[in-house]
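Observations on chain architecture
These are the residues of each chain, in order.
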Amino acid sequence: METGKMVVLLNLQPLYESLYDALNQYYVYLGGQKYVDLGLGTHRVKCQVHPDFRLIVIEEKNVVYEQFPVPLINRLEKHYLDISSVLQEWQKSIVQELTQWAEEFADVKAPQFLARHKYSPVDVFIGYHSDACASVVLQAVERQGPGDLTGELYHRVSEEAKLILLDCATPDAVVRLTTSTLGSFAAQALFPPGPPSQCRPGAPCHLHRGDCPHAFPCPLSPKIPDPWDVLTLF
């Protein structure tokens, strides 16, 4: 506070109520300098406030609404941030498509499943939350590396994001996939019959629904496990 540096408070709720005077900008001026009272319990001290001092409080939205005192909330300049805030517009478009894909993945049409439970992405993907798709897209973009936006890059990021999310799918959700809104065709595309194989240029590729345009090996095709890697698992 005296040095003019930015202070970020995270999970320090016992300290917040002692900052009311600072948040109110209730300063005492002495010798051209600003001072404010800070108190913790019965201990109070006057601290000099540098003109460049900034205070940032980071907290979950539900914690702010449920646990923060109303006077404290009123004293803060509030900004809501999530993972989507750091994404570009084309990446946000992939997030919307991935969210729709996840909902269709979880939506089961078979009567034997509908009679038991209404499935949602939370039931299908382990750890799924409101920012899950945005986090997955951000991870997929980082895996692809820097590059100009092209149709091919858009497609690669979209497919990579689906594969990342698919790694979090529960086994029972995979079994129900043929009866989901995606249909059996999508299930065969995600899990082709037979052992996985690298697609080669000019050869049929289930991911591209035609000849593979990429150089061998295709970055989108499943990796063939090395026999020695398999042996090390036992």
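Note that the structure is a prediction, hence the values are computed from the model and not measured.

**Some words on the overall build of the protein chain**
Of the regular secondary structure elements, the protein chain holds 12 helices and seven strands. By the burial criterion, 33% of the 234 residues in the protein chain qualify as buried. Total accessible area computed for the protein chain in this model is approximately 15400 Å², and 57% of it derives from carbon and sulfur atoms.

**Digging into helix 8 (residues 132-144)**
If you check helix 8, its first and last C-alpha atoms are 19 Å apart, about what 13 residues at 1.5 Å a residue would give, namely 18 Å. Buried residues of helix 8: Ala132, Cys133, Ala134, Val136, Val137, Ala140 and Val141, and no others. Structurally, helix 8 contributes buried residues whose contacts are with helix 5 (89-106) and helix 9 (151-166). Looking one or two residues past helix 8, Gly145 carries a phi angle of roughly 85°, positive in sign.

**Thoughts on helix 5**
The terminal C-alpha atoms of helix 5 lie 26 Å apart, and with 18 residues this matches the ideal 26 Å at 1.5 Å per residue to within 8%. Along helix 5, the positions that sit buried rather than exposed are Trp90, Gln91, Ile94, Val95, Leu98, Trp101, Ala102, Phe105 and Ala106. Each buried residue of helix 5 lies within a common arc of 145° when the element is viewed along its axis, so the set occupies one face. Counted as exposed and oriented over 90 degrees from the buried face of helix 5: Glu89 and Gln96.

**Brief notes about the environment of Leu138**
Mapped onto the secondary structure, Leu138 falls in helix 8. Leu138 sits in the partly exposed class, given a relative accessible area of 26%.

**Topic: the packing of aromatic side chains**
Applying the stated criterion across every chain, the model contains five aromatic pairs. Summarising the aromatic geometry, the rings of Phe105 and Phe125 are spaced 5.2 Å apart at their centres and angled 45° between planes, so their arrangement reads as tilted. Of this pair, Phe105 sits in helix 5 while Phe125 sits in the loop between helix 7 (121-124) and helix 8, and the two are 20 residues apart along the sequence. Judged by centre distance (6.1 Å) and plane angle (35°), the ring pair of Phe125 and Tyr128 falls under tilted. For Phe125, a relative accessible area of 1% gives the class buried.

**Remarks on the nonpolar core**
Judged by nonpolar contacts, the single largest core of 28 residues is most densely connected at Leu98, Phe105, Phe125, Val137, Val157 and Leu165. Residue contributions to this core peak at eight residues, all from helix 5. Beyond its immediate stretch of four places on either side in the chain, Leu98 contacts Cys133, Val136, Val137, Ala161, Lys162 and Leu165. The next biggest cluster of nonpolar side chains, apart from the first, holds 15 residues, and it includes Tyr16, Leu19, Ala22 and Phe53.

**Re the pattern of salt bridges**
Applying the stated criterion to the full structure yields four salt bridges. We note a salt bridge from Asp37 to Lys46, for which the minimum N-O separation is 2.8 Å. A salt bridge links Glu152 to Arg156; its shortest N-O distance comes to 3.2 Å. In this pair, Glu152 and Arg156 are both assigned in helix 9, four residues apart and thus about one turn of the helix distant. You can call Arg156 buried: its relative accessible area is 17%.

**Some remarks on the packing of helix 8 against helix 9**
Here helix 8 crosses helix 9 at 125°, and the two axes come no closer than 8 Å. Taken together, the axes of helix 8 and helix 9 lie oblique to each other. Crossing of helix 8 over helix 9 shows right-handed handedness. Across from Val136, Val137, Gln139, Ala140, Val141, Arg143 and Gln144 in helix 8, the residues of helix 9 making contact are Leu153, Arg156, Val157, Glu160, Ala161, Ile164 and Leu165.

**Section: the confidence of the model for the protein chain**
Summing up the model confidence of the protein chain, the mean pLDDT is 75 and the portion of residues at 70 or higher is 73%. pLDDT under 50 marks residues 194-198. Its contacts with residues more than four places away, or in other chains, come to 12 contacts. pLDDT under 50 marks residues 222-234. Its contacts with residues more than four places away, or in other chains, come to nine contacts.

**Remarks on the packing of helix 5 against helix 9**
The contact between helix 5 and helix 9 brings their axes to 10 Å, and the two run at 40°. Classified by the interaxial angle, the pair formed by helix 5 and helix 9 is oblique. Judged by the twist between their axes, the crossing of helix 5 over helix 9 is right-handed. Contacts between helix 5 and helix 9 involve Trp90, Ser93, Ile94, Glu97, Leu98, Trp101, Ala102 and Phe105 from the former and Leu153, Tyr154, Val157, Ser158, Ala161, Lys162, Leu165 and Leu166 from the latter. Partitioning the contact of helix 5 with helix 9 into residue classes produces 12 nonpolar, two polar and two charged.

Rules of the game
- Residues numbered from 1 in each chain as written.
- Predicted model: local features only at pLDDT ≥ 70, side-chain atom pairs only at ≥ 80, totals over all residues.
- Heavy atoms only, no water.
- Helix = DSSP H or I, 4+ residues; strand = E, 2+ residues; numbered from the N terminus.
- Buried < 20%, exposed > 50% of the residue type's maximum accessible area, 1.4 Å probe, protein only.
- Areas by Shrake-Rupley, 256 points an atom, 1.4 Å probe, with all protein chains shown as cover.
- Expected span 1.5 Å × (residues − 1).
- Contact = heavy atoms within 4.5 Å.
- Arc of directions from axis to C-beta.
- Phe/Tyr/Trp six-rings, centres within 6.5 Å; stacked < 30°, edge-to-face > 60°.
- Core = buried A, V, L, I, M, F, W, Y, C linked by side-chain atoms within 4.5 Å.
- Salt bridge = Lys/Arg side-chain N within 4 Å of Asp/Glu carboxyl O.
- Axes fitted to C-alpha atoms, helices over the stretch in contact; angles between N-to-C directions.
- Parallel < 35°, antiparallel > 145°, perpendicular 65-115°, else oblique.
- Left-handed = near helix turned anticlockwise from the far one by under 90°.
- pLDDT = per-residue confidence, 0-100.
- Nonpolar A, V, L, I, M, F, W, Y, C, P; charged D, E, K, R; others polar.

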